[in-house]
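# Architecture at a glance
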Amino acid sequence: AVNALNDIFAMGGKPLLALSIAAFPEELPVETVRAIFDAAAAKVEEAGAVLAGGHTIRDEEPKYGLAVVGTVHPDGIWRKSGARPGDALFLTKPLGTGLVLTAARKGALGDDELAAAAGWMTTLNDRAAEALRALGPNAVTDVTGFGLAGHAVEMAEASGVRIALEAGRLPFLAGALEAADRGLVTAGERRNRDFVGARAELDGLPGPVASLAFDPQTAGGLLVALPADKAPVLEATFRAAELFLARVGRVEAGSGIALS
């Protein structure tokens, strides 16, 4: 649900209307179903939108999501295709939700790490988008199922540039790097590696860090490219608003992505 709302923020817009899309088994307690709908409604309201109904079907596996409609001014649309050589790259949330959830299910991480990951997954990108808006970024996308590497490839190809990510600057959730170091791998990571393929140069990157670069994210942060001379102002703006921000690389001439 948060992913769907964040898609609108990643385009520079604001959500207006949301519809529930749900599938629940008949034996699921009514109290559980009600809690899911109530939590979704609260998150939609937090985003400034209205939950106007939806569609529910019976299914053995519980599922819930949102279809969201929003608006953005034609002159304020953020695209993936505007990154330019010389831009600085920023990320507005730490990485590792896929690995933390996998490790928690296997009993390899505790409640504290799981709670921290859940906190980030339920955090809207609205405040980050609002802080970014006045600075006129060249390119923006949110980091979700394709992972950082996959979405960086999309931005690089759409913009006709090369994106260089610095391993030492990548931010990780508590427990994520430890989970990767233990050799835990998600199915999404494998698919993301296949998707990116030879378009990524890993340059001897340590295995755990590479895993996190390909780790699929649930409601991840914004990947932002903007002129490097605006970087100090962006950092000061996010710091003043007490928002997370990590400078993770740069945009160069060329193609594909590099992680080193």
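See the structure above.
Only a predicted model underlies this, so the values are computations on that prediction, with no experimental measurement involved.

## Quick notes on helix α1 (residues 2–10)
Among the nine residues that make up α1, seven are buried, leaving the element largely enclosed by the rest of the structure. What α1 keeps buried is the set V2, A4, L5, N6, I8, F9 and A10. A positive phi of about 85° marks G12, the residue just after α1.

## Observations regarding the packing of aromatic side chains
Evaluation of the coordinates by the stated rule reveals four aromatic pairs. Aromatic pair W120 and F244: ring centres 5.6 Å apart, planes at 70°, arrangement edge-to-face. With a gap of 124 residues between them, W120 in helix α4 (residues 111–121) and F244 in the loop between α10 (231–240) and β9 (246–252) connect regions that are remote in the sequence. On the basis of relative accessible area, W120 is assigned to the partly exposed category, the value being 26%. Consider the rings of F146 and F195, whose centres lie 4.7 Å apart with planes at 20°: the pair is stacked. Of this pair, F146 sits in the loop between β5 (139–142) and α6 (147–159) while F195 is found in helix α8 (residues 187–196), placing the two residues 49 residues apart along the sequence. Judged by its relative accessible area of 35%, F146 falls in the partly exposed class. Positioned over the ring face of F195 is R199, at 4.9 Å from the centre of the ring.

## Structural notes on the sheet that holds strand β1 (residues 14–24)
Taken in spatial order, the three strands line up as β2-β1-β3 in an open sheet, and their pairing is mixed. Each end of this open sheet is capped by a strand with a single partner; those strands are β2 (50–58) and β3 (63–71). Direction aside, neighbouring strands of the sheet carry axes that sit 20° apart on average. For β1 and β2, the ladder comprises seven bridges, and the chain directions are parallel. Residue I21 lies in a different strand from β2, and its bridge partner there is H55. Along the sheet, α1 contacts β1 and β3; its crossing angle with β3, the most-contacted strand, is approximately 25°. Across the sheet, helix α2 (residues 30–46) touches β1, β2 and β3, and the angle it forms with β1 is around 170°.

## Let's talk about α10
Helical geometry note: an α-helix holds 3.6 residues per turn, so side chains three or four residues apart project in the same direction. Inspection of α10 places A231, L234 and F238 among the buried residues, and these make up the whole buried set. Within α10, the buried residues cover an arc of 60° as seen down the axis, which keeps them to one side. Exposed residues lying more than 90 degrees from the buried face of α10 are P232, R239 and A240. In this structure, the buried residues of α10 make contact with β4 (87–91), α5 (126–133), β8 (222–227) and β9. Once α10 finishes, E242 follows within two positions and takes phi at roughly 60°, a positive value.

## Here's the deal with the environment of T56
Along the chain, T56 falls in strand β2. Measuring from C-alpha to C-alpha, the distance between T56 and V100 comes to 30 Å, with 44 residues separating the pair along the chain.

## What about the pairing of β8?
Across the six residues that make up β8, a large majority, five, are buried. When β4 meets β8, the two strands line up antiparallel, connected through five bridges. Each bridged residue has a counterpart across the sheet, and for L91 the counterpart in β8 is L223. Where β5 and β8 come together, four bridges link them in antiparallel fashion. When the bridges of β8 are listed, A139 appears paired with A225.

## Looking at the pairing of β1
Both β1 and β3 contribute to a ladder of nine bridges, which runs antiparallel. Bridging from a neighbouring strand, A22 pairs with Y64 of β3.

## Side note on the pattern of salt bridges
Enumeration according to the criterion identifies 13 salt bridges in this entry. The partner of R193 in a salt bridge is E189, and the shortest N-O contact between them spans 3.0 Å. Taken together, the residues span about one helical turn, with R193 and E189 both in helix α8 at a distance of four residues. Taking relative accessible area as the criterion, R193 reaches 30% and is therefore assigned partly exposed. For E189, a relative accessible area of 3% translates into the label buried. Note that E252 is salt-bridged to R250, the shortest N-O span being 2.9 Å. Owing to a relative accessible area of 37%, R250 belongs among the partly exposed residues under this scheme. Here the residues in one salt-bridge network are R162, E166, R169, E201, R250 and E252, joined through shared partners.

Cut-offs and rules
- What you see as residue numbers is a count from 1 along each chain, following the sequence as written.
- Reporting in this predicted model follows two pLDDT cut-offs: at least 70 for local features of residues, and 80 or more for side-chain atom pairs to be given and counted; totals over whole chains, interfaces and linings ignore these cut-offs and use all residues.
- Each side-chain value is worked out from all heavy atoms of the structure, with water and hydrogens disregarded.
- Three labels apply to residues, based on accessible area from a 1.4 Å probe with only protein chains included: buried if under 20% of the type maximum, exposed if over 50%, partly exposed otherwise in between.
- For the purposes of this entry, the term helix denotes a DSSP run of H or I that reaches at least four residues, the term strand denotes a run of E that reaches at least two, and both are numbered from the N terminus.
- Within 6.5 Å between ring centres, the rings of Phe, Tyr and Trp (the latter by its six-membered ring) count as paired, and their orientation is classed by plane angle as stacked under 30 degrees, edge-to-face over 60, tilted in between.
- Only Lys NZ and Arg CZ are tested; either one counts as a charge over a ring when it is within 6 Å of the ring centre and within 35 degrees of the ring normal.
- By the convention used here, strands pair only if DSSP detects at least 2 bridges between them.
- The convention used is that axes are lines fitted to C-alpha atoms, helices contributing only their stretch in contact, and that angles between N-to-C directions extend from 0 to 180 degrees.
- Whether two residues touch is decided by their heavy atoms; if any such pair falls within 4.5 Å, the residues are in contact.
- Throughout, the arc means the angular range of directions from the helix axis out to the C-beta atoms.
- For salt bridges, the criterion is a side-chain nitrogen of Lys or Arg within 4 Å of an Asp or Glu carboxyl oxygen.

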